[in-house]
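Structural features, examined
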Amino acid sequence: MTATAVSVKPASLLLEGVSVERAGRVVLANVSLRARGGVIAVLGPNGSGKTTLLRALATVTSQAAGLIRVDGLDPTDPSQRLQVRSFLGYGPQAMRFHPRTKVFDAVDYVATLRLDLPTAPRQRETWRVIDVLDLGRLAGNRLSSLSEGNRQRVTIAQGLLGPPRFAVFDEPLVSLDPEIRLRCQNALGDLGRRCTIVMASHLVNEAASFADQVIVLGQGQPAFVGTPAQLIAEGGGQTATHGYLAVRGAGH
Amino acid sequence: MTVSDLQLAAYRDGRLDPVSDAAVEELLMVDQTLRKRLGALAPPNRLDSVWLEVGHAIDQPAPGWLERVAGRLGVPEPAARLAGATPTLTRAWLYGIGGLVLLSLILSADTTQGDQRFLSYLLLAPLLVVLAVAAAYGRSTDPTHEITIAAPLAGIRLLLWRVLAVAPTAMIMNLAVGFLLRAGRFSFAWILPALACALATLALTTTLSVRRSASIVAAGYVVVVGMVAAGSADNLVAFRASGQLVFAVLAAVAGGLLVVFRGRLEEAVLR
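Quick caveat: nothing in here was measured; it's all calculated off a predicted structure.

1. Remarks on the confidence of the model for chain A
With 95% of its residues at a pLDDT of 70 or more, chain A has an overall mean of 87. Confidence drops under pLDDT 50 across residues 1-6 of chain A; counting only partners more than four residues distant or on other chains, this segment forms 9 contacts.

Now the structure itself:
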């Protein structure tokens, strides 16, 4: 049986009073959320703590305080953190690889780290995510030869390996042209049926178009938590961006 | 021989016994009608997936030289992949060992000093192994660190796999330098010190970053061995039997500490 054939159930996510302090300054306070499956878009200006929140959920920092539970597991506990990582997909904002690394090698490298599979099924899974993002013809190209948008697709592709039951993507839609952005939105939306995805974005309308829940971060506080439809309603029924600006204004 | 649709389907699925399989294959070579019947039997999605697999086989880049060499040396494929897919790591490390090897050769080249000239070689050889450990893991040397630490393989297992992939090269280089210097039994006298230094670095990594641990151990090793050499008429005293015993004890202690505190390595990589 290959990894792709395994039926997966989205991991539950519970946040209660999550706060982040950086250099003695509170950059995020009192974020609470409950979800199982679907896409949760985290919106907010630069420096609002989006990336720090996402890094805490991705188990790569212990800076956040408050209660975080992923499928009932506590990511601050070392043994439970390892369990979380076994079903986690992570696409950081600026995924770094040596520029001479080839696309296939970069994704397969992450597959080697993430999936406990023999070579053949692991490479099949690598090809699966490469094909989902339509990167097949670039598989032998070095990352240095790719456009920023194509490098971003590689970042998203490696985050789909497994496939994960819980995934964290930081600005996955940035730098993508409209056609590829739509393809990536579809890939993430499709994954969201079997996975809980937390995604930070500056692209309010695009993120709201396929998210199931939206968090708008104001100055240190969540200014809005709800559905995209509720966010649009906050903006007088115009667009999600109008709603975003309205709730951000209320947060000031 | 006539081939029924059932037999042809069994051939398509690879379910025929070897003799029947060969017989059908022979007929397919000469019988165009049979080839057409086989083509009609193949489900379109199967054909698509075959073409996809062919495309993947063509597009998949060949493993790099380090992966190929490691594979031939018996290193497990995943370990070779992890070492080979991060060229920055290996290149920085190769520059490092190249520099140390050159320094070792230059400093130990003066044959008028007899065996005493091997002190530089024996001081530098274990540092190659420490450098291999230092380059194997950490935010400062691994550009993929952010992704790496979010993976279930992060921590001591990955660190040891990477050390396993890179340390043999350092050891081969050390033995080659010993051979070039005609160091005789001293060509092997660095092995226990190197093991002690490598294990001490790994043990310290449970508390400090890999880079800092390696720096402390390397500096400590050079200072202590240098002082022992300076305080004795025989500057190689640290590498004779009594010195080797001390290094063996140190290696055992460091290995024990590493086993006891291995759980802390997980926390250390997050710092």
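2. Points about the sheet that holds strand E6 (residues 166-170) of chain A
All names here are of chain A. The 6 strands are arranged E5-E6-E7-E3-E8-E9 in an open sheet whose pairing can be described as mixed. Strands with a single pairing partner mark the edges of an open sheet, and in this sheet they are strand E5 (88-91) and strand E9 (222-226). On average, adjacent strands in this sheet sit at an angle of 10° to one another, irrespective of strand direction. Pairing between strand E3 (residues 38-43) and strand E8 (residues 213-217): 4 bridges, direction parallel. In the strand pairing of E8, leucine 43 is matched with valine 216.

3. Remarks on the pattern of salt bridges
Any two side chains of opposite charge can pair if their charged atoms end up close together. Summed over the entire model, instances satisfying the criterion amount to 15 salt bridges over all chains. Its salt-bridge partner being B:Arg81, residue A:Asp105 comes within 2.9 Å of it at the nearest N-O pair. Remark: B:Arg81 occurs in helix H6 (residues 77-84) and A:Asp105 occurs in helix H3 (residues 103-114); the pair is interchain, linking two chains. Each member of the pair, A:Asp105 together with B:Arg81, is buried. When salt bridges that share partners are traced, they join A:Asp105, A:Asp108, A:Arg122, B:Glu67, B:Glu77 and B:Arg81 into one network.

4. Describing the interface of chain A and chain B
In this assembly, 38 residues from chain A lie in contact with 33 residues from chain B. Roughly 3,200 Å² is buried in total at the junction of chain A and chain B, and carbon and sulfur atoms are behind 57% of that figure. Among the residues of chain A in contact with chain B, A:Arg85, A:Tyr109 and A:Leu113 are the three that bury the most area, contributing 23% of the side total. There are 4 salt bridges connecting chain A and chain B. At the boundary of chain A with chain B, the tally comes to 12 residue pairs in polar contact (both at pLDDT 80 or more). Going through the elements one at a time, helix H2 (78-85), E5, H3 and helix H4 (119-132) of chain A are the ones with two or more residues in the side of chain A that touches chain B. With 8 residues, the single largest contributor to the side of chain A that touches chain B is H3(A). Of the residues belonging to the side of chain A that touches chain B, the class tally is 15 nonpolar, 11 polar and 12 charged.

Parameters at a glance
- Residues numbered from 1 in each chain as written.
- Chains lettered and ligands numbered in written order.
- Predicted model: local features only at pLDDT ≥ 70, side-chain atom pairs only at ≥ 80, totals over all residues.
- Heavy atoms only, no water.
- pLDDT = per-residue confidence, 0-100.
- Contact = heavy atoms within 4.5 Å.
- Pairing = 2+ DSSP bridges.
- Helix = DSSP H or I, 4+ residues; strand = E, 2+ residues; numbered from the N terminus.
- Axes fitted to C-alpha atoms, helices over the stretch in contact; angles between N-to-C directions.
- Salt bridge = Lys/Arg side-chain N within 4 Å of Asp/Glu carboxyl O.
- Buried < 20%, exposed > 50% of the residue type's maximum accessible area, 1.4 Å probe, protein only.
- Buried area = accessible area lost by both parts, 1.4 Å probe.
- Polar contact = N/O pair within 3.5 Å; in protein donor to acceptor, adjacent residues only side chain to side chain.
- Nonpolar A, V, L, I, M, F, W, Y, C, P; charged D, E, K, R; others polar.

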